[in-house]
Each structure stands twice: as structure tokens, then as C-alpha cells.
Amino acid sequence: MLHSSPSVIPTLPRVMRVAAMMLPLCWSAFGWSATLPADLKWESNDTDPVYADPQAKRGGTFRDFMSSFPLTLRKYGPDSNGSFAGYVRETNLPLLATHPVTGNPIPMLANQWAFGADHKTLYFRLNPRARWSDGQPVTADDWLFTLKMMRSKEINDPWYNNYYSTQISEVTRFDDHTLAITSGTEKSREDLLESLPFSPEPSHAIQLTANWVKEYNWKVLPVTGAYQIGELKKGKSVTFNRVKDWWGDGERYFQHRFNPDRIEIKVLRDQNIAWQHFLRGDLDSFPLVMPNWWHDKSKTAEFEKGYIERLWFYNQTPQSPMGLYLNTADPLLKDLNVRLGIQYALTLDKMIATLLRGDYQRLNSYGSGQGAFTNTDIKARPFDPKIARDYFAKAGFTKTGPDGILQNDRGQPLSLSITYTTAEHAQRLTLLREEAKKAGLNLELNLMDASAGFKSMLEKKHQSAWMAWSSGRYPAYWEHFHKVNANKPQTNNIMNLDDDAISALVEQYDKAFDFGKKAELSRQIQQRLYELASFVPAYQVPYTRAGAWRWIKLPKIPATPQSDLLYWPLDGANSGYSFGGLFWIDEELKAETKAAIKQGKTFPPVTLIDTRYQKP
């Protein structure tokens, strides 16, 4: 669902960096078998702790919601990077994942791996039990096909074309269950594990044609994960069905997970309407990250009588860069002085202290929670109307209009349009708008449907955007900051950054082999972004909160330190940080609860606050 968390576009999978040049396919990428090096040291991991609960029960339908219907089911091409992509991408598994507690690699589609001596290649042995949902075996040919597909013009996706032509130089097949993926540059082991074990596409189920984008817009493809899309009701809902006799049920890190038989995601465009559905028992869980929902709206009979339970869980996930993204190609925002003035004209600290009850923390820079990759020397600029007016004056806005808004010599008012997609954020932005008048700045608030709003941002039709990107264990900068992605539609450089200095740093970052050097470059990139003043950092939330009907059960340790959502029904390995699929539905408790409601019986109210992973 589109969660009412600080991330407007949540649980989106990480997008990665690419360069502009195209490399040719290697001969081995066409499917001829190669000779496997004899000196490989194969690794595996079947000893790290499991994080699911053996008491979990299989069955039932989990009912969730989203605020808009997806524009496509495709994972690639136009309109494919919306919020629903978080569901679609998670139906397929990568070769490996990272254990959410230990940080070690763990098997997914591959159960063994080895590092090449060239610092560029990872070798994989596929789990011979791995199957597509239509029963076809998962083979090395699927990765060969995926490389071809990602490089093809038919998918109409320049980002993937670039990435799989530069960052992935080749895929080599040795036999049906053995392959290698080679990076375009030398990388550390951590970097190779982060960037190479990508998910395959079903080679037997896709035909690349000139009309591929249209033909596959609503086509349901075979998957390797536990759930496949089953039913679409246009504009109303999407249902996922659990794959019958799923191949992964017996695998160590999949056991006792993905328990519901069905996942029904309803389209409820208004959070308050969705809330009413939840209180009626038509939805099983609801996010309570926003302070007014946790502190005020959950003071209802359903909570007080113990029918719905609350959980506040502190995690250690990388923080999404939530804030205001300024489109530097806009005539007004091309002026650095205007951008600097805006930085001082937004009273974000007051918004956090009042509307957000102090529950959130001020975000200081674009990256947070990523260790040495975060520049902790950067501090967000405070609200200071005098400093803001000084910068606006340098940009020519020296006169005050009758409404108190600054004007330039041409009579142009100092006005900034903010596009946002979560209605619940209107109160926050309204506070910012009223306080910004003290600096002579007018804010125009433009609420849009989630899918349409995000499309507008990708097409650079916004003046500024109030939103957040999903974030991974390590920062990804190329698609957001490199100048080759500026002034182009359907790219993630929504700030339209066209800056030689930050582009050069991003290129060095992508090529850096040493992880320490890479972290240093990350800090330099964040410093340069601070100087450009195109991103106004808003807030971070080092926890997740939710309510759920008492029949939705979680393990004794309800989540992992890398779980950013409590009731995410899929795995999360493709996003790298959202470890889900842990809950289950207790049908006996459901029947007991419904009977109790009819009889007027109550249960003790439950509010749990789990701080085991809270950072000091």
C-alpha cells in the first residue's frame, strides 16, 4: 500500500548507477557454455539464524490497501517505477540476499557463490529446486535472456539499457545451473554482492517485440517468489495468490514465511476512508507512523477493547531522503540565491516539534543511516527569515507586495509550487506555507494522485516535489544526481541537476574499488549537494509503527533490524532492506474476535514498544 510513512513513494526498490556508454555483448552471453575456473572457492550459508516463527500458520486472506491503481504491471519501461512496483518486483527473487541481522549473504535462487580473481565476477550455482510459478525450472538461460532484454530497445527504458550495458558487462553460462555475472569495473566484494546478484526474467514466457510495452502492460508473468498476481479489478483492487507447492517452502530462510493464501490490495484513495475500512475489520493492518494516527486517531473503541493492537518497533534501516526537491531547471530555481533562501524559509523544526509531536528527527543531509557513507558534518539549515530575505534580495526580490510576499522589479511574486501525493501531509505543508510568509515566500500546494504525481515528477513537470526515495544499504547517486539524467523525462534526476562537479564525483564513486574511498566520495557528493541547495532535508524516522487486528500475528521478535514495515507480505530482498513475510493469520482468533464483538466481550488493550534495535 502507499503507507503514510515519511516516504511518499515507499518501499520502492533501490535504483542503481550507470554510465552513458554501451558495451557489446560478450560471446558467452548468447548461451554457449564456457569452462568453469577450477580454483573457485565456493561459499554458502545455512547457519545464520532464522527470523521467522515455527508457530506460524498457513492460510487466509490478508487485506491491504493502496491509494491509487497501478499504471502498469511491467517492471520496466514507461510508468513502471510507481509505488506498486514494490509489489511487482518482490514477486521475483534475486540470486542472493543479505541476512537482516548478521549482514552475511544468504541463498535465494542460488545456493552457492564464488568470487573471481578479477575482482569483477561472481559465480553462482542455482538451487536445482528453483522453479517458476508455471512449473518451469529456473536455469542460467534466464539470466542470459534477462541481459539481452535489459539491453534491448523494445523495453523503452534507457536507464536499464545503460545499466545492463555498463555496470553488467556479461553473463556467462556454464551449464543449466551454473553461471557467472561480471561487473563492468573492478569492485570490492561488498560491492559485487550488492550489485550483481540480480533477479531473472522468465525467458520462456517473454517475446521481445516492437510493441512489447503495450503488449505486456497488463500481462501476468511467471514468478520465482511465493506470490503471483491472480486477479485485477481495474481501479478497484489487485489480488496476489500464493503459488501452489512453491519450491521455496522447505528452504531455510523461507520456512514459516509468506503465510497467507491470498493478498488482496484494495484501492482506497483517501487515508481517512481507508481508516474507516480498517476500523470495520475490512483491512487487517494500518500504518501508524504519522503521529496524529498513533497518538490521537487510535483512541477508538476498537483499540481500547483490545480488538486492534498497536506496535512501535525501532529499526536500523537506512533513512529515506524525505524532503523538498527543487527543480533547478525551473526559471526561478536556476538562481542559487533563491534556492538558498528557500532553505532558510521552511520551518521544518517547528513542524517536527508541533505537528509531528517530536516523534520524528530532523534529517540533516540527503543520506542517513548508511554508516561511513553519511556525511555527519552536514547540518540542515535552520529556519531564519532574515537570512532567507537576504538571499532572496540577492536574486532581485527586494519589494514587498500588499500580501507580504516579495516581488522583483518586474512585479513577479516570489512563489513556489510544491507537488505532493499524500493528503495527510497537507497540514504539514500548510504550516510551512504560513511560516514561509515571514520570509516573503509564497508556497502553492499542489496535491496529486500518487501515480499521476510521481509520473509528473519523473517527467520534470513539477517546480518542486515533497517526497522521498527508497534507500538501500549503500547510497545510489547516478540516477539522481548525474547530469546525463537531467532535463530528460522518465529519469530519477527530478532536481534536474546539471552540475559538472557532482557528476564527476558520482563517476568516481561508481568506479571506486576500495570501500573506504567509496564512503569518502559519498560524503563529498553529499557536501556538493548541500552547496547546490537543491534538496531541503525534512525528517527521518528510526522506527515503524502499525496497528493490526489481533488475529494478525508476528513472531516473538516481531521484525528484524532491517524491517522498515511490520506487515509487508513479500520478502524485500529486491529492495535490500524490507524483510517481510513474517506475519500470519490466526483464523481461530479471528472467529473469536468477531464473536466477541457481537457479544460485547472485550480483551485487554495491547500497545507494544520494542526497543531492542533502538540506536542510542
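Definitions and limits used
- Residues numbered from 1 in each chain as written.
- Predicted model: local features only at pLDDT ≥ 70, side-chain atom pairs only at ≥ 80, totals over all residues.
- Heavy atoms only, no water.
- Helix = DSSP H or I, 4+ residues; strand = E, 2+ residues; numbered from the N terminus.
- Rg over C-alpha atoms; globule rule 2.2 N^0.38 Å.
- Buried < 20%, exposed > 50% of the residue type's maximum accessible area, 1.4 Å probe, protein only.
- Contact = heavy atoms within 4.5 Å.
- Areas by Shrake-Rupley, 256 points an atom, 1.4 Å probe, with all protein chains shown as cover.
- Core = buried A, V, L, I, M, F, W, Y, C linked by side-chain atoms within 4.5 Å.
- Pairing = 2+ DSSP bridges.
- Axes fitted to C-alpha atoms, helices over the stretch in contact; angles between N-to-C directions.
- Parallel < 35°, antiparallel > 145°, perpendicular 65-115°, else oblique.
- Nonpolar A, V, L, I, M, F, W, Y, C, P; charged D, E, K, R; others polar.

### Re the overall build of the chain
Now for step 1: What the chain contains, in helices and strands, is 17 helices and 25 strands.
Now for step 2: For a compact globule of 616 residues, the expected C-alpha radius of gyration is about 25 Å, and the chain comes in at 25 Å, within 12% of that figure.
Now for step 3: If you line up the chain on its principal axes, its C-alpha atoms span 75 × 70 × 50 Å.
Now for step 4: Per-residue burial over the chain gives 62% buried out of 616 residues.
Now for step 5: Long-range contacts, defined as pairs at least 24 residues apart, comprise 74% of the intrachain contacts of the chain with a sequence gap of at least 6.
Now for step 6: Looking at the chain as shown, the accessible area adds up to about 23400 Å², and 50% of this sits on carbon and sulfur atoms.

### Focus: the nonpolar core
Now for step 1: One finds Phe 84, Trp 143, Ile 181, Ile 342, Phe 392, Trp 466 and Phe 481 to be the most contacted residues of the largest nonpolar core, which totals 174 residues.
Now for step 2: The element best represented in this core is helix H2 (residues 140–151), accounting for seven residues.
Now for step 3: Among all residues touching Phe 84, those that are not within four sequence positions of it are Met 66, Pro 70, Thr 72, Leu 73, Ile 229, Val 238, Phe 240 and Ile 265.
Now for step 4: Judged by nonpolar contacts, the second largest core, of six residues, contains Ala 34, Ala 114, Tyr 123 and Phe 174.

### Some thoughts on the sheet that holds strand S6 (residues 168–175)
Note: strands within a sheet are paired through backbone hydrogen bonds, in either parallel or antiparallel orientation.
Now for step 1: One open sheet accounts for four strands, arranged S4-S5-S7-S6; its pairing is antiparallel. Of all the strands in the sheet, just strand S4 (110–115) and S6 have a single pairing partner and so form its edges. Strand-to-strand twist of the sheet, defined as the mean angle between neighbouring strand axes without regard to direction, takes the value 20°.
Now for step 2: Here S6 runs beside strand S7 (residues 178–183); their pairing, made up of six bridges, is antiparallel. The residue of S7 that forms the bridge with Val 171 is Ile 181.
Now for step 3: Docked against the sheet, H2 engages strand S5 (121–126), S6 and S7, running at close to 155° with respect to S6.

### As for the sheet that holds strand S11 (residues 285–287)
Now for step 1: If you walk across this open sheet you meet the four strands as S11-S22-S12-S25, and the pairing is mixed. If you trace the sheet from one side to the other, it starts and ends with S11 and strand S25 (607–610), each paired once. Averaged over all adjacent pairs, the angle separating strand axes in this sheet is 20°, with direction ignored.
Now for step 2: Both strand S12 (residues 308–314) and S25 contribute to a ladder of four bridges, which runs parallel. Bridge assignment links Leu 311 to a residue of S25, and that residue is Leu 608.
Now for step 3: Running over the sheet, helix H6 (residues 271–279) touches S11, S12 and strand S22 (543–549) and is turned about 145° from S11.

### Quick look at the packing of H2 against helix H3 (residues 158–166)
Now for step 1: At a closest axis distance of 7 Å, the pairing of H2 and H3 adopts a crossing angle of 130°. Between H2 and H3, the angle falls in the class oblique. Residues Leu 147, Met 150 and Arg 151 of H2 pack against Tyr 160, Asn 161, Tyr 164 and Ser 165 of H3.
Now for step 2: The class makeup of the residues in the contact of H2 with H3 is four nonpolar, two polar and one charged.

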